[in-house]
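Remarks on the overall topology
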Amino acid sequence: CNRGIEEEKADEIETKEPGEVTEAQVRELSMGLKLTTVFHVAAMLGGPLSFFDAPSTTAADLVSKHHCVGKTPLHLGSAGAHVEVVTSLLEQAAVDPGVKDFGGRSPLDDVEAMLEQNIDDAELEARLRTVRGKLMEADIVEQVKRQAKDGVTREEGQIVRNLCQAQVDRPIDEYWPR
């Protein structure tokens, strides 16, 4: 994924502590990179959140796949277990929690793959589980919205409702039309 300057920048990015990076540092790290954007770097580093909430930030910035394997900022924030970044991105209307990268993987797929590894860091595992819950909840809400828009039979709706309810730890009745 990284070549030359990209590789050097990747090494520099990996040495930063999550959430302890300034806008200026993110901009400096992202300068000269061809395979990523400032939003991807900020998501990978866990912030600052001001990048995602700024009035000048566009929907295209938040869903950009301008990454060597088509990852969005949501993919990178999720894989890094950056709960605040994931929460901020999921609050944006343009961000689809089920978006796929060039390999057909969603942010949830990436988190699940990381959780399947034997993680020796209880804090990281807890953050990954929190991110997984947020992604699952957002995906269920998107499914319900699609059903409401596209229309489904009562039977199809009940099947999806049962599946959705099995995936979350609280009732989804508030999203379900009567």
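Since the model is a prediction, treat every value here as computed from it, not as a measurement.

All right, on to the side chain of Thr36 then. With respect to the helices and strands, Thr36 occurs in the loop between α2 (23-30) and α3 (38-45). What makes Thr36 buried here is its relative accessible area of 12%. Not counting the four nearest positions on each side in its chain, Thr36 is found in contact with Val41, His66 and His67.

Of the residues in the protein chain, 84% have a pLDDT of 70 or more, and the chain-wide mean is 83. Looking across the protein chain, the model is least confident in helix α1 (residues 5-14), with a mean pLDDT of 56, and most confident in helix α7 (residues 83-90), with 96.

The subject of this paragraph is the nonpolar core. Of all hydrophobic cores here, the largest spans 27 residues; its most connected members are Val26, Phe52 and Leu89. For this core, the element with the highest residue contribution is α3, accounting for six residues. Not counting residues within four places of it along the chain, the set of residues in contact with Val26 comprises Val21, Val38, Val41, Ala42, Leu45, Gly47, Pro48 and Phe51.

As a packed pair, helix α8 (residues 107-116) and helix α9 (residues 122-150) sit with axes 10 Å apart at the nearest point and diverge in direction by 150 degrees. In terms of axis orientation, α8 runs roughly antiparallel to α9. Handedness of the α8/α9 crossing: left-handed. Within the contact between the two elements, α8 uses Pro107, Leu108, Val111, Glu112, Met114 and Leu115 and α9 uses Glu125, Leu128, Arg129, Val131, Arg132, Leu135 and Met136. The class makeup of the residues in the contact of α8 with α9 is nine nonpolar, no polar and four charged.

Time to look at the packing of aromatic side chains. All told, the structure shown has two aromatic pairs when counted by the stated rule. Ring geometry for Phe39 and Phe51: centres 6.2 Å apart, planes at 80 degrees, overall edge-to-face. Of this pair, Phe39 sits in helix α3 while Phe51 is found in helix α4 (residues 50-53), placing the two residues 12 residues apart along the sequence. On the basis of relative accessibility, which here comes to 11%, the residue Phe39 falls in the buried class. Overall, the relative accessible area of 4% leaves Phe51 in the buried class. Judged by centre distance (6.5 Å) and plane angle (50 degrees), the ring pair of Phe39 and Phe52 falls under tilted. Here Phe39, found in helix α3, pairs with Phe52, found in helix α4; they are 13 residues apart in sequence, far enough to count as distant. Of the two residues examined, Phe39 and Phe52, each falls in the buried class. Members of the aromatic cluster, joined through ring pairs, are Phe39, Phe51 and Phe52.

About the thresholds
Residues numbered from 1 in each chain as written. Predicted model: local features only at pLDDT ≥ 70, side-chain atom pairs only at ≥ 80, totals over all residues. Heavy atoms only, no water. Helix = DSSP H or I, 4+ residues; strand = E, 2+ residues; numbered from the N terminus. Buried < 20%, exposed > 50% of the residue type's maximum accessible area, 1.4 Å probe, protein only. Contact = heavy atoms within 4.5 Å. pLDDT = per-residue confidence, 0-100. Core = buried A, V, L, I, M, F, W, Y, C linked by side-chain atoms within 4.5 Å. Axes fitted to C-alpha atoms, helices over the stretch in contact; angles between N-to-C directions. Parallel < 35°, antiparallel > 145°, perpendicular 65-115°, else oblique. Left-handed = near helix turned anticlockwise from the far one by under 90°. Nonpolar A, V, L, I, M, F, W, Y, C, P; charged D, E, K, R; others polar. Phe/Tyr/Trp six-rings, centres within 6.5 Å; stacked < 30°, edge-to-face > 60°.

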